[in-house]
Amino acid sequence: MTNTPHDFPSIYQMVEEGLIPYADYALVKLLLKDVDDVESGLFILKMMEALREGNLSYHSVTPPNLPENVVTETEPGAPIPSTPICRIGNHFYFQKYWKLEETFFSCFKEFFNQDPLIGVQPPNLDNLPLLPEQKLAIQQGCASALTMITGGPGTGKTYTAGWLIRILIESLSKEQRANFKIALTAPTGKAATNLQGSLEKAFQGLDLPDITAKTLHSLLHISSWSMKREKEPLPYDLILVDECSMVDAKLMATLFSAIHPGSRLILLGDPYQLPPVDAGGFFREMADLVGSEHSVVLTSSQRVENSDLLLFAKAVAEGSVADALKAIEVSSHLQLSTFDHSPGDVQKKAVQFALENFPSPLYLGEESLDTYLSLVQKYRILSPLRQGTLGVETMNKMIYEQFLEIHSSEALMIPIIISSNDYKQKLFNGEVGVLVQTSSVEDNFAYINGRKIPAILLPRYEWAWALSIHKSQGSEFDHLLLLLPEGSQKFSRELLYTGITRAKKSIDLWVSPGVFEQVVEKQSQRSSEISKRSLKSVESA
C-alpha cells in the first residue's frame, strides 16, 4: 500500500482541524503502513494522548486487534519484544517506554537488595533535637543502602537528611572520612541551590571538602537533548536527591542504572505534589514498594504557621471535598470565593489585590533591592493557567501596566523568575530576583542572589507577581491569592495541593462554580505496571 497524504482520511482531517499534531498522524501511517485499519489508528492516537498526559502506558480492556508486526504480548522480566508496541495485560506501551520501565525496575531491585559497603553501628540519638519520626528515618538510613524520607512542606525532610549524613560521617574512621564522597542533587537548579543552602548548617564543623549541589542532569553527565551517559558508575559513597516527586521515569531509571554498588541513596520528596512534567514518575510507587523499613513519612510541619492550612492541604491530598470545605469554613486564614461574574471583572479584582499588597516598585537605589525582594516574596498570585484572561502571562502584563501608569517616568523594580538554566552565569530555572527597568535599556540590570547582572546577559525569564502553580514549586509565601478559573478542572488535586502548600499564613481562593470540587476529586494516576510489582518480587530478585 502506498502512503499518501490521504491515507487514513478521517485521522488526517483531525490534523487539519487542529485536534492532533501531525506527528501523531505520521506515526499512525508508519506503524500501520501495510494495513488500512482506522480503529487501530485511533487506538494509537489514544496511546499518544496518554503519553502526553504523563503515562508510560495506555490502559484498555477492549483494544482493537492490532497487527502482529505492531504489538507483542509480554510480561515483566521477559526479553523486550522488537515490535513497536508491547502489551502487558491490559496495559499498552510503546516499546521504548516498556524498556525504560523494565530497566528502572531491574536496577531498583538490584540496588534495594544490596547492603551499604561501609557499615554503621546504630547511633544513640537520645540527646539530639529531633522528633521521633526523624530519629526513625536516621536509624533506617544508617542500616540501609536506600532511605526514602517523604512528607509535606516544612516537615523537616532536608533537616533530617542533614543529620543523617552528619551521623554517617562522624561514624567513619579518619581514613574512611578522607575518601568518603558525597553528591547532593535535585532535578532543577533552583532545587539544587536550595538543597545546598539547607545542608550547609548540618555540615558545619565537619572536616569535609566543599560539596556543591548539582542538577541530576549535571550529576549524570547528560544534556537536555541526550539522555545518554557513560557506563561508568557514579563514584559516590552517598547520594542525596531532593524533590524526587519532580523526577520523571527516564531520569530516575538513569540514576538507578548509574549508582555504584555499595553506595547509599537518600531520596526526599512529597508524593502528593505535582508529578513530573515528562512521562512517568516512580517516586510514589517506590515508597509503597519498599515499605516502612526503608521509607519514613514525616508529618509534623515546622514551617506552616497555621494548623488549619495543614488540615486543608491534607483534605485536598486525600481527595475529600467535604473535609476541605469544612477546613475553610472553620478557618480565619482561608477564604473561598466563587465568582459568577466575567473573568474580566475577576482580573480587575486580582490586579487590585496586587496593587494593594505588593510593595511599591519604585527603585530608590541599590539599598532598596533587598528590601523590595523580601517584601515582594510575602505575596503571590497563583494560577494553573498560563494563557487567557486569568492566566499568569496576562495577569503579569496587567499588573505591570498599572504600576507603570502610576510611576511612568521612574525606574521600576519588577519581580522575575528565571525560566532556563545558564551555567555560565550560574543562574537556574526557578530562581527569583528583581529586574530594575530604567529609562535606558543599556542600564537595566537584574539583582539575583545578591548579584547584579546586566539585563542583556540574562537567560529567559518571566515577570513574577503572578506565577503558574508549576513554576511555584519549591517556593513559599506568607499569603496567596490562588485562582481556579474555568478550565482548571482539567487539572488534578496534586496541582491544587502544590499551590496551597506554598502558603505559610493565609490563602484567598477564588474559583469558578464547581471547579474546586472537580479538581479535588480528580487524582493524577499515571498508568504503569510498577505499582503492581509487589515487595516480595523485589526481595526475591
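Since the structure is predicted, the reported quantities are computational estimates derived from the model, not experimental observations.

Observations regarding the pattern of salt bridges
Now for step 1: All told, the structure shown has 12 salt bridges when counted by the stated rule.
Now for step 2: A salt bridge links Glu170 to Arg166; the nearest nitrogen and oxygen atoms lie 3.3 Å apart. Placement of both Glu170 and Arg166 in helix H6 (residues 157–170) is noted, with a separation of 4 residues, approximately one turn of the helix.
Now for step 3: Notably, a salt bridge pairs Arg284 with Glu494, separated by 3.5 Å at the nearest N-O pair. With Arg284 in helix H11 (residues 283–290) and Glu494 in helix H18 (residues 493–500), the pair connects residues that are 210 residues apart, well separated along the chain.
Now for step 4: Look at Glu494 and you get buried, because its relative accessible area is 3%.

Comments concerning the nonpolar core
Now for step 1: Grouped together as the largest cluster of nonpolar side chains are 67 residues, with contacts concentrated most on Ile85, Phe104, Phe256 and Leu267.
Now for step 2: If you tally residues by element for this core, the top one is helix H4 (residues 95–112), at 9 residues.
Now for step 3: Non-local contacts of Ile85, meaning those with residues more than four positions away in its chain, are made with Leu31, Ile44, Met47, Leu66, Val70, Val71, Thr72, Phe92, Tyr93, Phe94 and Gln95.
Now for step 4: Listed in part, the 39 residues of the second largest apolar core include Phe403, Ile414, Ala455 and Trp510.

Focus: the packing of aromatic side chains
Now for step 1: For the structure on display, the rule yields 19 aromatic pairs.
Now for step 2: On the basis of an interplanar angle of 70° and a centroid distance of 5.4 Å, the ring pair of Phe43 and Tyr58 is categorised as edge-to-face. Separated by 15 residues along the polypeptide, Phe43 in helix H3 (residues 38–52) and Tyr58 in strand E1 (residues 57–59) bring together distant segments of the chain.
Now for step 3: Of the residues examined, Phe43 reaches a relative accessible area of 5% and is grouped as buried.
Now for step 4: A ring pair is formed by Phe403 and Trp465, whose centres lie 5.7 Å apart and whose planes are at 35°; its orientation type is tilted. On the criterion of sequence distance, the pair formed by Phe403 in helix H16 (residues 392–406) and Trp465 in the loop between strand E17 (461–463) and strand E18 (466–468) is long-range, its members being 62 residues apart.

Focus: the sheet that holds strand E20 (residues 503–511)
Now for step 1: Read from one edge to the other, the open sheet built from 5 strands follows the order E11-E20-E19-E12-E18, with strand pairing classed as parallel. Taken across any chain shown, the strands that pair with only one partner, and hence form the sheet edges, are strand E11 (334–338) and E18. Strand after strand, the sheet turns through a mean of 25° between neighbouring axes, direction not considered.
Now for step 2: For strand E12 (residues 379–383) and E18, the ladder comprises 3 bridges, and the chain directions are parallel. Looking at the pairing, Leu382 lines up with Leu467 of E18.
Now for step 3: Packing against the sheet, helix H14 (residues 343–357) makes contact with E12, strand E19 (477–484) and E20, and its axis sits at approximately 160° to E12.

Let's talk about the side chain of Gln347
Now for step 1: Residue position: Gln347 is located in helix H14.
Now for step 2: With sequence-adjacent residues up to four places away left out, Gln347 is seen in contact with Thr389, Leu390, Thr394, Met395 and Met398.

Description of the sheet that holds strand E16 (residues 451–454)
Now for step 1: Read across the open sheet, the 5 strands follow the order E16-E15-E14-E13-E17; overall the sheet is antiparallel. Every other strand in the sheet has two partners, leaving E16 and E17 as the edge strands with one partner each. In this sheet, neighbouring strand axes are inclined to one another by 35° on average, regardless of whether the strands run parallel or antiparallel.
Now for step 2: Of the strands in this sheet, strand E13 (412–418), strand E14 (432–437) and strand E15 (445–448) are in contact with helix H15 (residues 367–376), which crosses E13 at around 60°.

Some remarks on H16
Now for step 1: For H16, with 15 residues, the first-to-last C-alpha span of 21 Å sits near the 21 Å given by 1.5 Å per residue.
Now for step 2: Among all positions in H16, only Val392, Met395, Asn396, Ile399, Tyr400 and Phe403 are buried. Taken around the axis of H16, the buried residues stretch over an arc of 130°, which confines them to a single face.
Now for step 3: Taken together, the buried residues of H16 touch H14, E12, E13, E14, E17 and E18.

Points about unusual backbone geometry
Now for step 1: Here Glu243, not a glycine, exhibits a phi torsion of approximately 55°, which is positive.
Now for step 2: Take Glu243: it is sitting in the loop between strand E8 (238–241) and helix H10 (249–258).
Now for step 3: In this model, Lys426 sits at a positive phi of 55°, which is unusual for a non-glycine residue.
Now for step 4: Tracing the backbone shows Lys426 in the loop between E13 and E14.

Here we look at the pairing of strand E9 (residues 264–269)
Now for step 1: Burial runs high along E9: 6 of the 6 residues are buried.
Now for step 2: A two-sided burial pattern is seen for E9, the buried positions comprising Arg264, Ile266 and Leu268 on one face and Leu265, Leu267 and Gly269 on the other.
Now for step 3: Pairing of strand E5 (residues 146–151) with E9, which is carried by 5 bridges, proceeds in the parallel orientation. What sits directly across from Met148, in E9, is Leu267.
Now for step 4: Pairing analysis gives 4 bridges linking E8 to E9, with the strands arranged parallel. Of the residues in E9, the one forming a bridge with Leu240 is Ile266.
Now for step 5: Note on the crossover from E8 through H10 to E9: the handedness is right-handed.

Definitions and limits used
Residues numbered from 1 in each chain as written. Predicted model: local features only at pLDDT ≥ 70, side-chain atom pairs only at ≥ 80, totals over all residues. Heavy atoms only, no water. Salt bridge = Lys/Arg side-chain N within 4 Å of Asp/Glu carboxyl O. Helix = DSSP H or I, 4+ residues; strand = E, 2+ residues; numbered from the N terminus. Buried < 20%, exposed > 50% of the residue type's maximum accessible area, 1.4 Å probe, protein only. Core = buried A, V, L, I, M, F, W, Y, C linked by side-chain atoms within 4.5 Å. Contact = heavy atoms within 4.5 Å. Phe/Tyr/Trp six-rings, centres within 6.5 Å; stacked < 30°, edge-to-face > 60°. Pairing = 2+ DSSP bridges. Axes fitted to C-alpha atoms, helices over the stretch in contact; angles between N-to-C directions. Expected span 1.5 Å × (residues − 1). Arc of directions from axis to C-beta. Right-handed = clockwise from strand over helix to strand, strands pointing away.

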